[in-house]
Amino acid sequence: MENNRAQWGSKIGFILAAAGSAVGLGNIWKFPGKAFEGGGGAYILIYLAIVVLIGFPVMLSELTIGRAAQANAIDSFHKLGYRGFKWVGVTGVAVAFIVTSYYCHVGGWVLRYVVSYITEAQTVYADPLGYFYGLLGYNAATGETWFPLTAILFAAVFMAVNAFIIIKGVEGGIEKFNKVGMPALFVILIVLLARTITLDGAQVGFAYMLSCDWSKVGFNTFLSALGQAFFSLSLGMAIMITYGSYLPKHENLGKNTALICTMDTLVALSTGIAYLFSLFNMLFPGFWLSRGIHPHVYFEASSVIIAFILLGRLLEERAKGSTTSAIRKLMGLQPRTVTLVAPDGSH
């Protein structure tokens, strides 16, 4: 045992820190889009079943391993089992490293858009997709590319902030930050949810989310929900093993795991409600205009976190789908009648 190993300062601190790891862009960015593509309520039911039957036991197992070993993810498997299982911990750390390699850039995009919405909101609204491409160093209209210095600088700022929090320690850094950050996130989501309910035609988005379109469900839907659950709950990344290693022996792991999974799922469902209606308005503005209702592109005004990513992604996917459909139709065209012209000019 590591006698001098730090511990969480309070139970609520650990719950918020673990939920802070689980709740993130996986819920806010990925979940609404996947639910939209996977049949609305059908995808949500599949996701909930996976969280209960797979996500909860795996998270409980990881927290148990960490608390029992009181060591990092690599040494935990070495101390509790056969020496050869050390590679399992190494794999988890490698996965976390790979995720961090791109997650820091996504975090940098978020910081950049926070600044952009404060300083040049109209520029962002004027051409959201073009603005996002510009951040990445690409001009879609001309094909011009350049070094994405702004994106890299904001990614560096994001990494520096995270490094500062981690250096401050478990209780003084991670726990202290999440005691403020997580309640703030919940307040923002509640405000967005309340605002969404007041929008014209909100019942359409709710109806789609709560209805089960099983025609869109296939093997890939289950695979997508499984991947979403693991990513959203931070499973298989050595995170929960590490967090569990700082827990005292008297903590009820089953109860804590249930709280973390519940908070993570509630955030995912809240973002689904808040954004599916907004996405419907963006993708099908003609539906409202034909009925004399001006479409609300809600996330342009309020979704500081995901507008730039989700908008670009869905527009691209829609464009690809339309192009593919058009090509198939052209290739499938066949003449129904054939006219032969004889040398004498007769048909």
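All of these numbers come straight from a predicted model, not from anything done at the bench. (Residues numbered from 1 in each chain as written. Predicted model: local features only at pLDDT ≥ 70, side-chain atom pairs only at ≥ 80, totals over all residues. Heavy atoms only, no water.)

A.B. asks: Any chance you could explain the overall build of the protein chain here in plain terms?
C.D. replies: Secondary structure assignment for the protein chain yields 16 helices and zero strands. Counting only residues that meet the buried cut, the protein chain has 41% of its 347 residues in that class. Within the protein chain, contacts between residues at least 6 apart in sequence are counted, and of these 78% link residues at least 24 apart. Accessible surface computed for the protein chain: about 18,100 Å², of which carbon and sulfur atoms make up 68%. (Helix = DSSP H or I, 4+ residues; strand = E, 2+ residues; numbered from the N terminus. Buried < 20%, exposed > 50% of the residue type's maximum accessible area, 1.4 Å probe, protein only. Contact = heavy atoms within 4.5 Å. Areas by Shrake-Rupley, 256 points an atom, 1.4 Å probe, with all protein chains shown as cover.)

A.B. asks: I keep staring at the packing of aromatic side chains and nothing clicks. Help me out?
C.D. replies: Each pair of aromatic rings is reported with the distance of its centres and the angle of its planes. Across all of its chains, the model carries eleven aromatic pairs by this definition. For the ring pair Trp109 and Phe132, a centre distance of 5.2 Å and an interplane angle of 85° mean the geometry is edge-to-face. Of the two residues, Trp109 is situated in helix 5 (residues 86–119) and Phe132 in helix 7 (residues 128–135); the sequence distance between them amounts to 23 residues. The class of Trp109 is buried, set by a relative accessible area of 15%. Three or more aromatic residues joined by ring pairs form one cluster here, namely Trp8, Phe14, Tyr243 and Tyr246. (Phe/Tyr/Trp six-rings, centres within 6.5 Å; stacked < 30°, edge-to-face > 60°.)

A.B. asks: What is the right way to look at the environment of Thr142 in this model?
C.D. replies: Within the secondary structure, Thr142 is located in the loop between helix 7 and helix 8 (149–167). In this structure the side chain of Thr142 is engaged in a polar contact, spanning 3.3 Å, whose partner is the backbone nitrogen of Glu144. (Polar contact = N/O pair within 3.5 Å; in protein donor to acceptor, adjacent residues only side chain to side chain.)

A.B. asks: Where do I start with a nonpolar patch on the surface in this structure?
C.D. replies: Taken together, Phe147, Leu149, Ile152 and Leu153 make up a surface patch of nonpolar side chains, about 390 Å² in accessible area. The residue Leu149 is located in helix 8 in this model. (Patch = residues over 30% accessible without salt bridge, like charges linked within 9 Å, V, L, I, M, F, W, Y side chains within 5 Å. Salt bridge = Lys/Arg side-chain N within 4 Å of Asp/Glu carboxyl O.)

A.B. asks: I'm lost on the side chain of Thr265 in this one. Help?
C.D. replies: By the secondary structure assignment, Thr265 is in helix 13 (residues 253–283). The class of Thr265 is buried, set by a relative accessible area of 9%. A polar contact of 2.8 Å, which involves the side chain of Thr265, links it to the backbone oxygen of Cys261. Among residues more than four places away in sequence, those in contact with Thr265 are Tyr47, Leu48 and Val51.

A.B. asks: When you look at the pattern of salt bridges in this model, what are you seeing that I'm missing?
C.D. replies: Two side chains carrying opposite charge are able to pair once their charged atoms lie near each other. Enumeration according to the criterion identifies two salt bridges in this entry. Of the charged contacts in the structure, one is a salt bridge between Glu175 and Lys179, with a shortest N-O distance of 3.4 Å. Pair noted here: Glu175 and Lys179 are both in helix 9 (residues 170–197), with a separation of four residues, about one helical turn. Using a relative accessible area of 38% as the deciding quantity, one classes Lys179 as partly exposed.

A.B. asks: Sorry, what's going on with helix 9 here?
C.D. replies: Since one α-helical turn is 3.6 residues long, residues separated by three or four positions face the same way. Over its 28 residues, helix 9 runs 38 Å from end to end, which matches the ideal 40 Å to within 8%, given 1.5 Å per residue. At Lys179, helix 9 is deflected by roughly 30°, the largest bend along its length, and proline Pro183 occurs up to four residues later in sequence. Residues of helix 9 that are buried include every one of Val170, Gly173, Ile174, Glu175, Asn178, Met182, Leu185, Leu189, Leu192 and Thr196, and no others. (Expected span 1.5 Å × (residues − 1). Bend = angle between axes of the 7 residues up to and from the residue.)

A.B. asks: Can you help me understand the packing of helix 3 (residues 41–69) against helix 11 (residues 219–232) in this one?
C.D. replies: What describes two packed helices is the angle between their axes and the distance between those same axes. Relative orientation of the contacting elements helix 3 and helix 11 amounts to 50°, with a least axis distance of 9 Å. One way to sum up the angle between helix 3 and helix 11 is to call them oblique. Read as a crossing pair, helix 3 and helix 11 show a hand that is right-handed. Taking contact as the criterion, the partners of Tyr43, Ile46, Tyr47, Ile50, Val51, Ile54 and Val58 in helix 3 are, on helix 11, Thr221, Phe222, Ser224, Ala225, Leu226, Gln228, Ala229, Phe230 and Ser232. Looking at the contact of helix 3 with helix 11 residue by residue, the class counts come to twelve nonpolar, four polar and no charged. (Axes fitted to C-alpha atoms, helices over the stretch in contact; angles between N-to-C directions. Parallel < 35°, antiparallel > 145°, perpendicular 65-115°, else oblique. Left-handed = near helix turned anticlockwise from the far one by under 90°. Nonpolar A, V, L, I, M, F, W, Y, C, P; charged D, E, K, R; others polar.)

A.B. asks: Explanation requested: helix 1 (residues 11–22) in the structure shown.
C.D. replies: The end-to-end C-alpha separation of helix 1 is 17 Å, in line with the 16 Å expected for twelve residues at 1.5 Å each. For helix 1, every residue scored as buried is listed here: Gly13, Phe14, Ile15, Leu16, Ala17, Ala18, Ala19 and Ala22.

A.B. asks: Would you explain unusual backbone geometry in this entry?
C.D. replies: Excluding glycine, a negative phi dihedral is what most residues carry, and trans is how most peptide bonds are arranged. If you check the backbone angles, Gln70 has positive phi at about 50° while not being a glycine. Mapped onto the elements of the fold, Gln70 is located in the loop between helix 3 and helix 4 (73–80). Given a relative accessible area of 8%, Gln70 falls into the buried group. Phi is positive for Ala238, close to 70°, though the residue is something other than glycine. Here Ala238 lies in the loop between helix 11 and helix 12 (239–244). Classification of Ala238 by relative accessible area gives buried; the value is 7%.

A.B. asks: Sorry if this is basic, but what is going on with the packing of helix 3 against helix 4 here?
C.D. replies: Between helix 3 and helix 4, the shortest axis-to-axis distance is 9 Å and the interhelical angle comes to 75°. Classified by the angle between their axes, helix 3 and helix 4 sit roughly perpendicular to one another. Between helix 3 and helix 4, the contacting residues are Ile65, Gly66, Ala68 and Ala69 on the first element and Ser76, Phe77, Lys79 and Leu80 on the second. For the contact of helix 3 with helix 4, the per-class residue count stands at five nonpolar, two polar and one charged.

A.B. asks: Is there a simple way to think about the side chain of Arg112 in this case?
C.D. replies: Positionally, Arg112 belongs in helix 5. Apart from residues no more than four positions distant in its own chain, Arg112 is found in contact with Glu120, Tyr131, Leu135, Thr150 and Phe154.

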